[in-house]
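One letter stands for each residue in the lines below.
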Amino acid sequence: MKSRWLSPLIYLVCSLVGIVSLLYPFFLPQGTTGAQPGLQRSADMPLMLTVLLGLALLVLVYEVQGQAMNTKLIALLGVLVAINAALRFLEVAIPGPGGFSPVFFLIVLTGYVYGARFGFLMGVLTLLVSAILTGGVGPWLPSQMFTAGWVGMSAAILRPLLLGLHLKGQGEEIWILAGFGAFWGMMYGVIMNLWTWPFIAGPADQYWEYGVGIWETVQRYASYYLLTSLVWDIVRASGNFLLILGFGMPTLRTLRRFKQRFTFIYKPTPSPVAQSNLSG
Amino acid sequence: MSTQLHTWTWLTWLAATLVAISVTRNLFYLTLILLCLLVVYSFIEDANQRGAYPFSLLRFGILVSVLSMLFNMLISHFGETVFLTLPEEWPLIGGPYTLEALVYGLTNGLVLFGILIAFTDFNQAMPVRMLIRLIPRAFFPVAVVISIAVTFVPTTIRQFYQIKEAQMLRGQRMKSLRDWLPLVMPLLVGGLERALQLSEAMTARGFASAAPKGGNTAHRLAMVVSMLWVMAGWVVSTRAGWETLGLGLILAGALALLAALWWAGRQVPRTNYLKEKLRTGDAIVLMGIVVIGLALYFPFEWIDRSSLYYSVYPLLQWPDFDPWIGTALLGLGLPAYVIGLRKR
C-alpha cells in the first residue's frame, strides 16, 4: 500500500486538531451563557483541550520521528536539545526581564537550517526536557510543546524563500530571521494565553464565558491580552530579535558547516567473503 | 526511589487530583484538596534526598491567590455586595468593587495553586529516569534523544562555566550582548563535536542497524482515523450539543489511538533492567482514588453533588458541604500516610 499521501494527511489532521483545540473558545456555540452547564464546561474544557492537544502531539511526533531519525540526527538533536534545555535551566535560575527566553533562538535557526521536521522536534523536545529537569511538567506542557514545535517547523518555510532571493549569508537574511523570531515571540504569548484564559473564566469583560459568541469572545480576548500580556510578549519578541541579530550569523555558519558533516551517507558494501557466503 | 510508590500509582493519583480540582469551585472542597496536597508535599520533601524545592511553594501559592483576587476585583464589577465604588468614568478600574469578585478571584487562584502543587508533588516524587521510562515504546527514537539530552545537560552547564572562566582569564568582560558571543559559540561548536563523536559511537555499536519489522502504514492509518474520530466527538459535543455522545466518541477515539501506539510499540524490542512492583502502599492509595471516583461520579442517593458546582455570583453565600465528598477527598492525602508509614 502506497503511503505517500499519508504523511501530509497526518500533518494536516494533527495541525488542524491542534489549531482547533487552541481556538476552541472562539468556536463554541452561542446561547448557554450564565447557565449551570456553562459553569461546568468552563471547568472541564481546559482539561479536554489538554487531552486533544496531547493526542495530536503524540501522533505528530510519532510521524516526524519515523521520517527524520537516524543515528547522526538522533545524536545531533540530543545535544542541541541539551544546550537549549541548559539555557532554559539558566533562565529559570536567573529569570530575565518580562517574557524573555533564550530558547527560541536555537529553535528558529535549527528549523531554518536543518528543516521542518528537525525544527519541530527541536521545539517539542526542548520544552519537554527542560520541563522534566526544572519540574515544569504540567497540563500547560502540551500547548507549550506544540507551539514551540510550530516555531521550529515554520522556520523551514523561510529557507526556500531566502535561498530563492539569493540572500544566503547576507545581512538581510539575519534581519528577516530576527523579524521572524520577533513575530513568534509575540505569537507564542498569544497562543499560550489561549490555554490559561478560559481556565480563569469569569464574568468580567476581559474573561471567557461559555456561549457568548465569536465576536464577543474575540473582543474579550483582545482586551485581556492587551491588559495582561502585551508588554510581557514585547519583551520576549525583542529578546528573540536581538539574540538572532547579535548571534545569528556565526551560529548559522556553524550549523551549516556541521550540516555537511552530519549528512554524509554511509553505504556498506559487502566484503567478497560475505558475498560468497550469501550466494553459497 | 525514596518515595517508594509505583510510577503508575503516582500517575493515577495525579489524574485523580486534577479531576477533583477541575470539577469543583467550592471553596471548602478546594481548601481540603490543597491541604492534602501540601501534606503530601511535606512528606515527599522529607523523604526525598534531592533537597528542598528551589522556591517556597506556600509563599508562591499565597502570591498567586492574592494577585488573582486583586486582579479579579479590579476588573470585574459584578455581584451584589458592594464595598467600594470608584467613579465610572475611570477606565477599567472605575465602578463598584464587590465581595463576590474578590472571592471568585480567590477561587481561581486556589485552583491554579492546586494544579501547580499537584504537579510539583509528582515531579518531586518521580526521579528523572522514571519519567523517561514512561515514554511509550513506539517513541524509542525520541526516548533516546531525551536520554542523551538529559545526560548532556549537566555537561553542557559545566562546559559553559569552564568557557566563561577561560574567557575571563583572557580578559573578557560582559558589558553588552555581543560579549556573550565568545561564550555561546564555543559551547555550540563543542556540543556539535560531541554529537559527531556520539553518533559515530552509536553507529559502531550497531544502534538502529536492524531493519524494522514490517511496514508501519497500518499504524499510521489507524492513528489518523482515531484522530478524526476524536475530532468528530469534539464537534458533536460542542457544536451539536450532544455532550454524552461526543464525550463517548472522544473517549473511543483516544482509546483507539492509544491502542494503535501500543501496537506500533510492539514492533520495538525493549529490555527492562528494573521492574517496579505494586505493593500494599500502592493498593491503599489506589483504593482511596476509587473512593473519590465513586463519591464524585457514582449516583449514590445520599451524596449531594450539587455542592460541587458552587458559584459566588450574584450574591455571596456560604457554599454547601457534603461530608461524604469531603471525607472521600481526604483520600488524596494517602500518599503522605504511605510514605510516613514506610519511613517508620
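Procedures and definitions
- Residues numbered from 1 in each chain as written.
- Chains lettered and ligands numbered in written order.
- Predicted model: local features only at pLDDT ≥ 70, side-chain atom pairs only at ≥ 80, totals over all residues.
- Heavy atoms only, no water.
- Helix = DSSP H or I, 4+ residues; strand = E, 2+ residues; numbered from the N terminus.
- Buried < 20%, exposed > 50% of the residue type's maximum accessible area, 1.4 Å probe, protein only.
- Contact = heavy atoms within 4.5 Å.
- Domains from an automatic or database assignment.
- Axes fitted to C-alpha atoms, helices over the stretch in contact; angles between N-to-C directions.
- Parallel < 35°, antiparallel > 145°, perpendicular 65-115°, else oblique.
- Left-handed = near helix turned anticlockwise from the far one by under 90°.
- Nonpolar A, V, L, I, M, F, W, Y, C, P; charged D, E, K, R; others polar.
- Salt bridge = Lys/Arg side-chain N within 4 Å of Asp/Glu carboxyl O.
- Polar contact = N/O pair within 3.5 Å; in protein donor to acceptor, adjacent residues only side chain to side chain.
- Core = buried A, V, L, I, M, F, W, Y, C linked by side-chain atoms within 4.5 Å.
- Phe/Tyr/Trp six-rings, centres within 6.5 Å; stacked < 30°, edge-to-face > 60°.
- Patch = residues over 30% accessible without salt bridge, like charges linked within 9 Å, V, L, I, M, F, W, Y side chains within 5 Å.
- Areas by Shrake-Rupley, 256 points an atom, 1.4 Å probe, with all protein chains shown as cover.

Enquirer: Help me out: how do you make sense of the overall build of chain A in this one?
Expert: Secondary structure summary: chain A contains 12 helices and 0 strands in total. Helices (α) and strands (β) of chain A occur, in sequence order from the N terminus, as α-α-α-α-α-α-α-α-α-α-α-α. Counting every position in chain A, which comprises 280 residues, the buried fraction comes to 60%. Contacts in chain A between residues at least 24 apart in sequence constitute 80% of all its contacts with a sequence separation of at least 6.

Enquirer: Sorry if this is basic, but what is going on with the domain arrangement of chain B here?
Expert: Where the parts come together, the accessible area they lose is often given as the size of the interface. Domain parsing of chain B yields domain 1 (7-132 + 275-343), domain 2 (138-204) and domain 3 (217-266). Computed over C-alpha atoms only, the centres of domain 1 of chain B and domain 2 of chain B are separated by 40 Å.

Enquirer: How should I be thinking about the packing of helix α10 (residues 280-297) of chain B against helix α12 (residues 334-343) of chain B in this particular structure?
Expert: Packed helices, taken two at a time, are described by the angle between their axes plus the distance between the axes. Residues and elements named next belong to chain B. Between α10 and α12, whose axes approach to 9 Å, the crossing angle comes to 165°. When the interaxial angle is binned, α10 and α12 end up roughly antiparallel. In terms of crossing hand, the pair formed by α10 and α12 is right-handed. On α12, the residues touching Gly 281, Ile 284, Val 285 and Gly 288 of α10 are Leu 334, Pro 335, Tyr 337, Val 338 and Arg 342. A per-class count over the contact of α10 with α12 returns 6 nonpolar, 2 polar and 1 charged.

Enquirer: Honestly, the pattern of salt bridges in this entry has me stumped. Any pointers?
Expert: Within the structure shown, the criterion is met by 4 salt bridges over all chains. For the salt bridge of Asp233(A) with Arg236(A), the shortest nitrogen-to-oxygen distance reads 2.9 Å. Linking Asp233(A) with Arg236(A), this pair stays in helix α11 (residues 230-262), spanning 3 residues, or about one helical turn. Of the two residues examined, Asp233(A) and Arg236(A), each falls in the buried class. Residue Arg261(A) pairs with Glu193(B) through a salt bridge whose shortest N-O separation is 3.0 Å. Of this pair, Arg261(A) sits in helix α11 while Glu193(B) sits in helix α7 (residues 181-204), which puts the two residues in different chains. A relative accessible area of 34% means that Arg261(A) is categorised as partly exposed.

Enquirer: Any chance you could explain the interface of chain A and chain B here in plain terms?
Expert: Listed as interface residues are 88 residues of chain A and, on the opposing side, 81 residues of chain B. Glu63(A) is the partner of Arg220(B) in a salt bridge, and the nearest nitrogen-oxygen pair spans 2.8 Å. On the surface where chain A and chain B come into contact, there are 3 residue pairs in polar contact (both at pLDDT 80 or more). Mapped by element, the contributors of at least two residues to the side of chain A that touches chain B are α1 (6-22), α2 (24-27), α3 (36-68), α4 (71-93), α6 (116-134), α10 (214-228) and α11 of chain A. For the side of chain A that touches chain B, the element with the highest residue contribution is α3(A), accounting for 18 residues. Looking at the side of chain A that touches chain B residue by residue, the class counts come to 65 nonpolar, 18 polar and 5 charged.

Enquirer: Looking at this structure, how should I read the side chain of Asp282(B)?
Expert: Residues and elements named next belong to chain B. Along the chain, Asp 282 turns up in helix α10. Asp 282 sits in the buried class, given a relative accessible area of 1%. Those residues in contact with Asp 282, other than ones at most four positions away along the chain, are Leu 5, His 6, Thr 9 and Lys 277.

Enquirer: Would you mind going over the side chain of Arg194(B) with me for this structure?
Expert: As for its position among the elements, Arg194(B) is in helix α7. Apart from residues no more than four positions distant in its own chain, Arg194(B) is found in contact with Phe152(B), Thr155(B), Thr156(B) and Gln159(B).

Enquirer: In this structure, what is going on with the nonpolar core? I would like to understand it.
Expert: Most often, soluble globular proteins keep nonpolar side chains buried together rather than apart. In this structure, Leu77(A), Phe120(A), Leu125(A), Trp10(B), Trp13(B), Ile146(B) and Met227(B) are the most contacted members of the largest nonpolar core, which totals 181 residues. With 13 residues, the single largest contributor to this core is helix α4 (residues 99-125) of chain B.

Enquirer: Honestly, the packing of aromatic side chains in this entry has me stumped. Any pointers?
Expert: The description of an aromatic ring pair uses the distance of the two centres, along with the angle that the planes make with each other. Going through the model one piece at a time under the given rule, you end up with 18 aromatic pairs over all chains. Each ring, one from Phe105(A) and one from Phe247(A), has its centre 6.2 Å from the other, and the planes form 80°; the classification is edge-to-face. Placement of the pair is Phe105(A) in helix α5 (residues 103-114) and Phe247(A) in helix α11, with a sequence separation of 142 residues. The pair formed by Phe105(A) and Phe247(A) is uniform in burial state, with each residue classed as buried. Geometrically, the ring pair formed by Phe160(B) and Tyr161(B) is edge-to-face, given 5.4 Å between the ring centres and 80° between the ring planes. Judged by its relative accessible area of 38%, Tyr161(B) is partly exposed. Among the aromatic residues, those joined into a cluster by ring pairs are Phe28(B), Tyr29(B), Trp318(B) and Phe321(B).

Enquirer: Would you mind showing me how to read a nonpolar patch on the surface here?
Expert: Taken together, Leu242(A), Met174(B), Leu177(B) and Trp180(B) make up a surface patch of nonpolar side chains, about 350 Å² in accessible area. Looking at the secondary structure, you find Leu177(B) in the loop between α6 (140-169) and α7. With a relative accessible area of 37%, Leu177(B) lands in the partly exposed category.

Enquirer: Please explain the environment of Ala182(A) as it appears in this structure.
Expert: All names here are of chain A. Considering the arrangement of structural elements, one finds Ala 182 in helix α9 (residues 171-196). A sequence separation of 58 residues divides Ala 182 from Asn 240, and the C-alpha atoms of the two residues are 5.5 Å apart. If near-sequence neighbours (up to four positions away) are discounted, Ala 182 is found in contact with Ala 237, Asn 240 and Phe 241.

Enquirer: Teacher, can you tell me more about the packing of helix α7 (residues 141-155) of chain A against α9(A) here?
Expert: Residue and element names in this part refer to chain A. Running from N to C, α7 and α9 cross one another at 155°; their axes reach a closest spacing of 10 Å. Classed by the angle they form, the pair α7 and α9 counts as roughly antiparallel. Here the hand of the crossing between α7 and α9 comes out right-handed. Between α7, through Ser 143, Gln 144, Thr 147, Ala 148, Trp 150, Val 151, Ser 154 and Ala 155, and α9, the contact on the second element is made entirely by Phe 180, Trp 184, Tyr 188, Ile 191, Met 192 and Trp 195. Broken down by class, the residue content of the contact of α7 with α9 amounts to 10 nonpolar, 4 polar and no charged.

Enquirer: Would you mind showing me how to read unusual backbone geometry here?
Expert: What you tend to see is this: most non-glycine residues have negative phi, and most peptide bonds are trans. For the bond from Tyr313(B) to Pro314(B), the omega torsion is 0°, close enough to zero to count as cis. With respect to the helices, strands and loops of the structure, Pro314(B) is situated in the loop between α10 and α11 (323-329).

Enquirer: I would appreciate a short explanation of the environment of Leu341(B) in the present structure.
Expert: Of note, Leu341(B) is situated in helix α12. Along the sequence, Leu341(B) and Gly281(B) sit 60 residues apart, while their C-alpha atoms lie 8.8 Å from each other.

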